[in-house]
Amino acid sequence: MKTKEEIGEKIELLNDKIAGLRAEEDELTNELKVILAGSELQSIMLTSTLVNSETQNRDLLEKFEKRAEELNKRYEEASVEGNVELKNQTHAMIWTNDIRLDTIKWVLEEDYEVI
């Protein structure tokens with residue numbers, strides 16, 4: 001598991017990125033707004049892991065993995081039904097859940113994407 005110092009450094013980097021984006025908020029493209037939202041979510045997740053034990057973080061990982069399965073199933077069902085609105089809503093939920101998963105995996109030093 002990452003140390004509190006490593007997590008703190010990552011939070012600091014994210015908060016710097018967030019501050020930079022917020023300074024230009026009026027001129028942000030939709031893509032940069034998505035990056036801002038993702039960075040904010042990562043920072044929140046990392047902050048919450050600082051007070052958690054490794055067991056609590058592993059429990060969170062399991063929770064988000066189950067959530068991913070549920071959301072993928074819901075997305076598939078919406079696709080089969082041709083329900084575009086539900087697909088879009090579910091896609092957004094999958095995106096945020098993936099950020100949570102990648103963040104927790106990074107903290108736990110599991111198989112993860114670079115966050």
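Preceding block: the structure.
Each value, and the rule that gives it
Residues numbered from 1 in each chain as written. Predicted model: local features only at pLDDT ≥ 70, side-chain atom pairs only at ≥ 80, totals over all residues. Heavy atoms only, no water. Helix = DSSP H or I, 4+ residues; strand = E, 2+ residues; numbered from the N terminus. Buried < 20%, exposed > 50% of the residue type's maximum accessible area, 1.4 Å probe, protein only. Contact = heavy atoms within 4.5 Å. Lys, Arg positive; Asp, Glu negative; His and termini not counted. Charge placed at Lys NZ, Arg CZ, Asp CG, Glu CD. Axes fitted to C-alpha atoms, helices over the stretch in contact; angles between N-to-C directions. Parallel < 35°, antiparallel > 145°, perpendicular 65-115°, else oblique. Left-handed = near helix turned anticlockwise from the far one by under 90°.

Colleague: Go over the overall build of the chain with me, naming the residues and quoting the values.
Modeller: Secondary structure summary: the chain contains four helices and zero strands in total. The dimensions of the chain, computed from C-alpha atoms along their principal axes, are 45 × 40 × 20 Å. By residue count, 31% of the 115 residues in the chain fall in the buried class. Considering only contacts within the chain whose residues lie at least 6 apart along the sequence, 65% involve residues at least 24 apart. Averaging the positions of the 15 positive and the 27 negative side-chain charges in the chain gives two centres separated by 4 Å.

Colleague: Describe unusual backbone geometry, listing the residues and the values that go with them.
Modeller: We note that Glu109 has phi near 60°; this positive angle belongs to a residue other than glycine. By the secondary structure assignment, Glu109 is in the segment after α4 (84-108). The class of Glu109 is partly exposed, set by a relative accessible area of 44%.

Colleague: Before we move on, can you summarise the packing of helix α1 (residues 4-23) against helix α2 (residues 30-50) with the specific residues and values?
Modeller: Here α1 crosses α2 at 150°, and the two axes come no closer than 9 Å. Classified by the interaxial angle, the pair formed by α1 and α2 is roughly antiparallel. Both α1 and α2 take part in a crossing whose hand is left-handed. Residues Lys4, Ile7, Lys10, Ile11, Leu14, Asn15, Lys17, Ile18, Leu21 and Arg22 of α1 form the contact with α2, whose own contacting residues are Leu32, Ile35, Leu36, Ser39, Glu40, Gln42, Ser43, Leu46, Thr47, Thr49 and Leu50.

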